[in-house]
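Descriptive analysis of the structure
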Amino acid sequence: MPLAASELILNSDGSIYHLNLLPEDIAETIITVGDPERVHDVSKHFDVIEVKKGKREFHTHTGILNGKRISVISTGIGTDNIDIVFNELDALVNIDFGNREEKDKKTTLNFIRIGTSGAIQPDIDIDSFLLSAHAIGLDGLMHFYNCSDEQNTTLASKLNSYLGWQNRHITAYAFDCDDLLKNKLNSNRIRFGTTVTNAGFYGPQGRGLRLSPTLKDFHQKLMAFNFLDKKVTNLEMETAGIYGLASILGHRAVSMNAILANRATGEFSKNPARTVEQLIQYCLEKIS
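Residues numbered from 1 in each chain as written. Predicted model: local features only at pLDDT ≥ 70, side-chain atom pairs only at ≥ 80, totals over all residues. Heavy atoms only, no water.

Our focus in this paragraph is the overall build of the chain. If you tally the helices and strands in the chain, you get seven helices and 14 strands. Relative to the globule expectation of 19 Å for 288 residues, the C-alpha radius of gyration of the chain, 19 Å, shows essentially globular dimensions. In the chain, 76% of the contacts between residues at least 6 apart in sequence involve partners at least 24 apart. Of the roughly 13400 Å² of accessible surface on the chain, a fraction of 47% belongs to carbon and sulfur atoms. (Helix = DSSP H or I, 4+ residues; strand = E, 2+ residues; numbered from the N terminus. Rg over C-alpha atoms; globule rule 2.2 N^0.38 Å. Contact = heavy atoms within 4.5 Å. Areas by Shrake-Rupley, 256 points an atom, 1.4 Å probe, with all protein chains shown as cover.)

So this is what it looks like as structure tokens:
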């Protein structure tokens, strides 16, 4: 059954609605960044840039590095944007725009998130690199999809039982990174962690400026959680949605975090731009 025009929305030039991309515009290896300005920070390292397109906060560059075709796309902040970006990128490779039907032969994309994050354990160094081996979502995105087979249900169940935040309408979901990408990006510079993704930067991460968060013990509860000798290491706003959608759509994903803040010690990086640039260079060397 062909997808209706209201479901698969295409622009007048045949490109996918939000991303403004055609199927040939993207590579099978895709780096995601939050900040549109960070797209150039990645693509400046390419030997050749073939595609430059943008719409709203979604900017894409595709090029060649050491003979490998790579795309980099900005997602903006939050899992609401991740829902748009990952569904539309999947559609570009796995739906035939001509007949509006799912292709029989599927393409698997490789996603590498290069992002920033704040640690919640005092022993995690500022300006270090952390790979999210596991991602826990407190934002709710994946509750809108049938994904029980792909979830790390044991981790989610243990955390939900421990937190007891269901009366606040917070029920965690959990997914793991892709092992192939994990091994490819691993080295002695990398720490593995369990990342919590939430729906905002202030109250949903336990910050209060003029507004007081309802969860007074947010950090303390997360810091003390320990499952199979694994602790929650850091907070950010995209990784769990990335892992969830990539898993159920048949793609691979890994999230690489530049640790710019430590919420336990109150520290923030003195040179965040340098740390992010070093992480970009590290990831490009590993994937190309």
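A few words on the pairing of strand 13 (residues 252-262). Looking along a regular strand, one sees side chains alternate from face to face of the sheet. The buried fraction of strand 13 is high, at 10 of 11 residues. Judged from the 10 bridges that link them, strand 7 (residues 110-119) and strand 13 form a sheet pairing that is parallel. The residue of strand 13 that forms the bridge with Phe 111 is Ala 253. With three bridges joining them, strand 8 (residues 129-137) and strand 13 adopt antiparallel strand pairing. By the bridge assignment for strand 13, Phe 129 is matched with Ala 258. Pairing analysis gives two bridges linking strand 13 to strand 14 (residues 267-268), with the strands arranged antiparallel. Within strand 14, the residue paired with Ala 261 across the bridge is Phe 268. (Buried < 20%, exposed > 50% of the residue type's maximum accessible area, 1.4 Å probe, protein only. Pairing = 2+ DSSP bridges.)

Take the nonpolar core next. Within the largest apolar cluster, 58 residues are counted, with the highest numbers of intra-cluster contacts made by Ile 31, Leu 89, Met 256 and Leu 284. With residues near it in sequence (within four places) discarded, Leu 284 still touches Ile 31, Val 42, His 45, Phe 46, Leu 65 and Ile 70. (Core = buried A, V, L, I, M, F, W, Y, C linked by side-chain atoms within 4.5 Å.)

It is worth spelling out a nonpolar patch on the surface at this point. Nonpolar side chains collect at one region of the surface, where Phe 201, Tyr 202 and Leu 209 lie side by side and expose about 340 Å² of accessible area between them. Summarising the element assignment, Phe 201 is placed in the loop between strand 10 (190-197) and helix 5 (218-224). Given a relative accessible area of 38%, Phe 201 falls into the partly exposed group. (Patch = residues over 30% accessible without salt bridge, like charges linked within 9 Å, V, L, I, M, F, W, Y side chains within 5 Å. Salt bridge = Lys/Arg side-chain N within 4 Å of Asp/Glu carboxyl O.)

Right, let's get into the environment of Asn 152. Among the secondary structure elements, Asn 152 is positioned in the loop between strand 8 and helix 3 (153-163). Given a relative accessible area of 18%, Asn 152 falls into the buried group. Residues Asn 152 and Gly 241 lie 89 residues apart in sequence; the distance between their C-alpha atoms is 13 Å. If we skip the residues at most four places from it in the chain, Asn 152 touches His 134, Ala 174, Phe 175 and Asp 176. From its side chain, Asn 152 meets the backbone nitrogen of Leu 155 in a polar contact 3.0 Å long. Within the structure, the side chain of Asn 152 is placed 3.0 Å from the side chain of Asp 176, a separation counted as a polar contact. (Polar contact = N/O pair within 3.5 Å; in protein donor to acceptor, adjacent residues only side chain to side chain.)

With that out of the way, let us pick up the packing of aromatic side chains. A full pass over the atoms with the stated rule returns six aromatic pairs. Summarising the aromatic geometry, the rings of Phe 129 and Tyr 282 are spaced 6.0 Å apart at their centres and angled 55° between planes, so their arrangement reads as tilted. One end of the pair, Phe 129, is in strand 8; the other, Tyr 282, is in helix 7 (residues 272-287), with 153 residues separating them in the sequence. Classification of Phe 129 by relative accessible area gives buried; the value is 2%. With relative accessibility at 6%, the residue Tyr 282 sits in the buried group. Summarising the aromatic geometry, the rings of Phe 201 and Tyr 202 are spaced 5.0 Å apart at their centres and angled 80° between planes, so their arrangement reads as edge-to-face. On the basis of relative accessibility, which here comes to 42%, the residue Tyr 202 falls in the partly exposed class. (Phe/Tyr/Trp six-rings, centres within 6.5 Å; stacked < 30°, edge-to-face > 60°.)

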